Each structure stands twice: as structure tokens, then as C-alpha cells.
Amino acid sequence: MSNLTHLNISDALDGMNKGDFTARELTQAHVNAMEETRELNAYIVETPEIALDMADASDKRRAAGEVGIMEGIPIAMKDLFCTKGTQTTAASHILEGFVPTYESTVSGNLWNAGAVMLGKSNLDQFAMGSANITSYFGNVINPWQREGSTAPLTPGGSSGGSAATVAARAAMAATGTDTGGSIRQPAAFSGIVGLKPTYGRCSRWGVVAFASSLDQAGPMTRSVRDAAIMLEAMASYDEKDSTSVNIGVPSYQKALTGDIRGLKVGIPKEYRIDGTPAEIDQAWERGIEWVKAAGAEPVEISLPHTKYALPAYYIIAPAECSSNLARYDGVRYGLRVDGESLDDMYERTRAEGFGDEVKRRILIGTYVLSAGYYDAFYNKARRVRTLIANDFKKAYETVDVILTPTAPSPAFGIGEKMDDPIAMYLNDVFTVPASLAGLPGISIPTGLSNEGTPLGLQLLGKAFDEETVLKVAGVMEEAAGFSALPQLMAGGK
Amino acid sequence: MSVDKKTVAKIAKLARIRVDEEQQEALSGELNQILGWIEQLSELDTEGVEPMTSVVSMTQPLREDVVNDGHYVDQVTKNAPESAHGFFAVPKVIE
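Since this is a predicted model, take the numbers as computed values, not measurements. (Residues numbered from 1 in each chain as written. Chains lettered and ligands numbered in written order. Predicted model: local features only at pLDDT ≥ 70, side-chain atom pairs only at ≥ 80, totals over all residues. Heavy atoms only, no water.)

(A) Quick look at the overall build of chain A. Looking only at helices and strands, chain A features 15 helices and 11 strands. Compactness check: chain A gives a C-alpha radius of gyration of 21 Å against a globular reference of 23 Å for 493 residues, within 12% of the reference. Here the C-alpha coordinates of chain A stretch approximately 65 × 50 × 50 Å along the principal axes. Within chain A, buried positions represent 68% of all 493 residues. Residue pairs in contact within chain A that sit at least 24 positions apart in sequence constitute 77% of those at least 6 positions apart. Just so you have it, chain A exposes about 15700 Å², and 47% of that area is on carbon and sulfur atoms. Chain A carries 44 positive and 59 negative side-chain charges, and their two centres are separated by 4 Å. (Helix = DSSP H or I, 4+ residues; strand = E, 2+ residues; numbered from the N terminus. Rg over C-alpha atoms; globule rule 2.2 N^0.38 Å. Buried < 20%, exposed > 50% of the residue type's maximum accessible area, 1.4 Å probe, protein only. Contact = heavy atoms within 4.5 Å. Areas by Shrake-Rupley, 256 points an atom, 1.4 Å probe, with all protein chains shown as cover. Lys, Arg positive; Asp, Glu negative; His and termini not counted. Charge placed at Lys NZ, Arg CZ, Asp CG, Glu CD.)

Below, the structure is given as C-alpha cells:
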């Protein structure tokens, strides 16, 4: 049964329904795959015993006729979601050893839907990063390699461990969180599907906060259908998150009709950026041809404030992070480094507990919020954010969905772009605008770069219209027929 | 607008992160680079534009002002580096 790790969620659900295999067998295959792919460092904590117990419980439920929408599906949980009784670190030293006494709403929803936890996946520290090189627990390695080279590539970030383990066939799916691109960019780098829902669709309760006005959880899977299944399980209205939106969760799978005739697909001219590699533009052109061939109509649109999205993001996100991360003070949980006074204890704890990128962002955030700069920086950025959201609103008066590249390059090597924070920030140039506007977006793998590594395209939708996004993504997935496999994979290539 | 070593020391103090003298120099360079790049926002006219407070238009949900949670001190203090008698313990703050 070695091929169990190559199944999509939808196929595995069918297989278990027909009695071809059990949740325990499926989980055991993935536990083995997880162990086999440890060189990727995709997990901070593996939880094989919990996984097998959950799988047994799932098999019992299935026997009793209780079948949830993710019944028996083994997944990785990004180590940003609090999991009761299992260490949750946000890939930081300051939360090392923190064992939540409660469960995040999204992880709880998934367990209630029957999903099985394989472990807590690695990430950029406090979800701050685009290459998974800021984790206290070490870099994550992309299962993909450039042709003719074994040099390690980054899986993208911040949901790098989630992306890597799903690509390596060591988990059927994983949760991610996206603040400025942290689901979509790693999905593109790792050749998988990553969906960031509309802000407010999934509860943020129990998710370690980075930038609360932007953070949103979403599924990372190997097919568009799987993303639809998993989003349905994750999404809910939650009164414990006051920004959670009280509208019903549809059956997203029903949106996958394959029929996009007559839909208008916006092509934003501002996303053609000087210096983008030709292969990125070519992949985008191919995508445009696919939707056209399926009967949709590409329409050139303008999102005039696009170039200001990244600098506005790098005010808003650090400002919120400096406020959110004030709670790590060595008093209530996590690391404490003793000092001569209470303030000295705070300062030493935070100096030792946070990594360099986290400190950099806290300091930037503290600066832009400090007296005399608040209006010039923070309020300015919030005004720009309004302009960016208005750009999208205007565009959606004429189009149904927007098609762009996901990232300005394929996966780069670990060690590249590390000396220049701004070069690293530019990874998110195509994903950040929709984050600022709170809109849903998906990245799907559409082909390989000249180096033999995956390229992704991004579809953005109207608020709470994940269904149209999924529908168009499904058609593009079919047209792309992406079937390439990574080099470092459970069971070997 | 430039962040010098003195400003780094000041914001580090505000953020309660100990930054050694030798790190201040490097950090001032990095912060200046980032802030210089952010500076491009000033070319954009935002006169009369409302600062965004929420991407999703919604009214603040309210609930009855009643106690509906609590009574598990053990769980609350379970992850504390130091606790005593159901309280978080900190270094002495009053001489």
C-alpha cells in the first residue's frame, strides 16, 4: 500500500468509504513518510502516537456511520495553531516548551471533521519571513531541487514546513496562515495548492497572532478539490474572534463545476514589473490562454496603487506585530531570563527569546507607532490601505476574478537574498495587495521553471467569493495538468 | 529622517528588547534601509482618504456583560516560568 501517500484527499475519502483501506493504514503510511523525509525539517514536533490514536478513533466513527468531511485524513498542523496538550512554539525560542491548555478553533474544527494530526509543522518565526529561514528550529528544505543540482532550496514562507511536507507526500494536507502571502508563496515554491480565504472566514482564535488585521488561516493541499474540502472543514463563525464573519459556510466542492464560460478574468497591468524573469510572464500568458480557451474573457484592468502595497504592509504588519508580541514578557508563559529588575528581566527575556527578523520588525513597529511618527507612518499606511482596497473594489465592478503570478521568481537557494531584508520582502509583491484588501486568493501549480522547479499562478476573488476562485482554479488546474514530482519525496521519485 | 544609534537605543527601550551597544550600529543601518524604502509612500497624495480600520465592514459584536468563563487558575498559570498561590510570580518591584 505504498501508494497511499500519493492519493488526494478526495480519493482517500472514497477509498476508506469503500473499505479499501482504513484510516489507521492511511495514517501509518504517512507516519512512515514523515520519518523518511526528516531531512526536510518540515516538523518541529512529530506526533505519531496521537496520529494513530486519532486514526483508530476515526475508524470507529466510520464503522458507526459517523463520517466527517475530513474523516481519517492525516494532516500537518502549522505550529502557529494552539493544540491542546501539544507544544506550540510559533518556531520561536520564547515559546519553546509552551503547551496550550486549549485548542484553536480552526484545529478543533478540523479534528471535529475527522482529520488526524501528524505533527506540528515548521514555519518562519512568528510567521515572519518568506523563506522559512527564521525558525528557531532550523531551516525547512524544499523537496524540489534545481535540475542537475542538490543545493537546498527554500520552500518559501512562512508556511514552509506545511508546504514542504505536503509536496513531499508526507502529509495529505496542512494548515497554513497567510498575513502577506505566507500560504500562497510557499505553495507556489513547493508545487502545491494554497488558499488564503477572505479575512474573517476562518477564526483566528487560538492562532498565535502576528498582524491581527491581516492574519488568516487556510488550507494547503495537492489539488483544488482538496482545498475546497479542507476550507469547508476549517471555516466557521466563531464568537471568540470578533472579526469572524457570521455568514454560512457553503459546500465549496459544489463550486467546482468546470464551467467558467462568460466569466471576466482581470489581468492587472501593474503586475507586469520590470525585472521579473521572462518565465514568470510566460507562465502568466499560458494561464491567460487557458481561461480564454475555457470560455472566460480576460480583461485588462488597472490596480493603480499596487506599488505602494509592500511599503504600506511593512508599516502595518510590524506595527501590529510590535503590539501583539508585547505579551511575551517572561511572566505568563514561555522563556524567562532572570535580570536585576523587572524591566531588566523583560529586556533580557525578549533579547534572547526573539530571533533577528522578529526583533527587526518589533523595532520598526515600535518606531512607526512612537510619538511624532504615528501619523506620518502608521496613519499614512492605513490611508494607502484604503486606496488599495478601493482599487480592488473598482476592478470587481467589471471582473469576477483576477489572475496574476504568485511570486516574482521560482524557489531560490537557502542563503540567497539573506543579507538584504528588502530583497526578501519583494517576494510578496504579488500577494500583499490582496492581503491588505482582505480578499481571498489561491495559488495553484501550473508548470516548471527553466530550472525544473514549480511555478504558481494566483487567482484573487471578491470578498467571501471563494467559490468563484475555486471554480476558475479548478479549470486552470485541469488545463495545466501539473503532475511533476519533487526529488526529495517519501518513497523516492 | 534617519535613525541613529541613540534612536535605536530609545526604541529598543520602548520595546523592552535589550540591544547591546555594538548591535545598535548594525540595527540603525538596517532600520534606515527599510524606512528609506518605506519613505516612497510620501509621494502619494492621501489627503482626505480615511485610514482603514477594518477590511470587512462589520459592526462590533456585543454580548451580555456577564462572567461566562474562568475558574481555572491552574490552567492559566500552567505555562508560567514561575507561579505561586495561583499568581504569576515576578522579580521584586517594590523596595
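(B) Molecular detail of the overall build of chain B. The helix and strand inventory of chain B stands at three helices and two strands. Order of helices (α) and strands (β) in chain B, N terminus to C terminus: α-α-α-β-β. Against the 2.2 N^0.38 benchmark of 12 Å for 95 residues, chain B shows a C-alpha radius of gyration of 22 Å, more extended than a compact globule. Its C-alpha atoms put chain B at 55 × 45 × 25 Å along the principal axes. For chain B, the proportion of its 95 residues judged to be buried stands at 28%. Of the roughly 7000 Å² that chain B leaves accessible, carbon and sulfur atoms contribute 50%.

(C) Quick look at the layout of surface pockets. Taken as a whole, the largest pocket spans an internal volume of roughly 730 Å³. Forming the walls of the largest pocket are 27 residues, and the residues nearest its centre are C82(A), F98(A), Y102(A), W205(A) and Y333(A). One number sums up the size of the second largest pocket: a volume of about 530 Å³. Lining the second largest pocket are 25 residues, with D356(A), E357(A), R360(A), M418(A) and E30(B) positioned closest to its centre. (1 Å grid on protein atoms, 1.4 Å probe; cavity = no way out; pocket = protein on both sides within 12 Å on 5 of 7 lines; lining within 4 Å. Points joined across faces, edges and corners; volume = space filled by probe spheres on them.)

(D) Quick peek at helix α1 (residues 9–18) of chain A. All names here are of chain A. By the burial criterion, the buried members of α1 are I9, S10, A12, L13, G15 and M16. Among the structural elements, α2 (23–36), α3 (48–63), β4 (173–178), β6 (216–221) and α7 (224–234) are those in contact with the buried residues of α1. Looking at the residues trailing α1, positive phi occurs at G19, about 80 degrees.

(E) Region of interest: the pattern of salt bridges. Counted by the stated rule, this structure contains 25 salt bridges over all chains. Residue E71(A) is joined to R61(A) by a salt bridge in which the shortest nitrogen-to-oxygen separation is 2.9 Å. Taken together, the positions of E71(A) in the loop between α3 and β2 (74–78) and R61(A) in helix α3 put the pair 10 residues apart, joining distant regions of the chain. For E71(A), a relative accessible area of 2% gives the class buried. The partner of E43(B) in a salt bridge is K307(A), with the nearest N and O atoms 3.2 Å apart. Of the two residues, E43(B) is situated in the loop between α2 (21–38) and α3 (73–77) and K307(A) in the loop between β8 (297–301) and α9 (309–324); the pairing between them involves two chains. (Salt bridge = Lys/Arg side-chain N within 4 Å of Asp/Glu carboxyl O.)

(F) Structural view of empty space enclosed by the protein. Residues and elements named next belong to chain A. Applying the stated rule across the entire model yields two cavities of 30 Å³ or more. Where the lining of the largest cavity is concerned, the elements lending two or more residues are α6 (184–190), α8 (278–293) and β11 (454–461). Considering each element in turn, the lining of the largest cavity owes the most residues, four residues, to β11. Looking at the lining of the largest cavity residue by residue, the class counts come to 10 nonpolar, three polar and no charged. Lining the second largest cavity, in full, are A127, G129, S130, G180, G181, S182, F210, Y313, Y314, R361 and D428. Grouping the amino acids of the lining of the second largest cavity by side-chain chemistry returns four nonpolar, five polar and two charged. (Nonpolar A, V, L, I, M, F, W, Y, C, P; charged D, E, K, R; others polar.)

(G) Structural view of a nonpolar patch on the surface. All names here are of chain B. Together, Y72, V76 and F88 give the surface a local cluster of nonpolar side chains, amounting to about 240 Å² of exposed area. Relative to the helices and strands, Y72 resides in the loop between α2 and α3. For Y72, a relative accessible area of 33% translates into the label partly exposed. (Patch = residues over 30% accessible without salt bridge, like charges linked within 9 Å, V, L, I, M, F, W, Y side chains within 5 Å.)

(H) Representation of the interface of chain B and chain A in the model. The interface is formed by 46 residues belonging to chain B together with 62 residues belonging to chain A. Carbon and sulfur atoms make up 69% of the surface buried where chain B meets chain A, a total of about 5100 Å² over both sides. Inspection of the chain B/chain A interface yields six salt bridges. In this structure, R336(A) engages E82(B) in a salt bridge whose closest nitrogen and oxygen atoms are separated by 3.1 Å. Between the two partners, chain B and chain A, sit 19 residue pairs in polar contact (both at pLDDT 80 or more). Those elements that provide at least two residues to the side of chain B that touches chain A are α1 (5–14) and α2 of chain B. Tallied by class, residues from the side of chain B that touches chain A come to 29 nonpolar, nine polar and eight charged. (Buried area = accessible area lost by both parts, 1.4 Å probe. Polar contact = N/O pair within 3.5 Å; in protein donor to acceptor, adjacent residues only side chain to side chain.)

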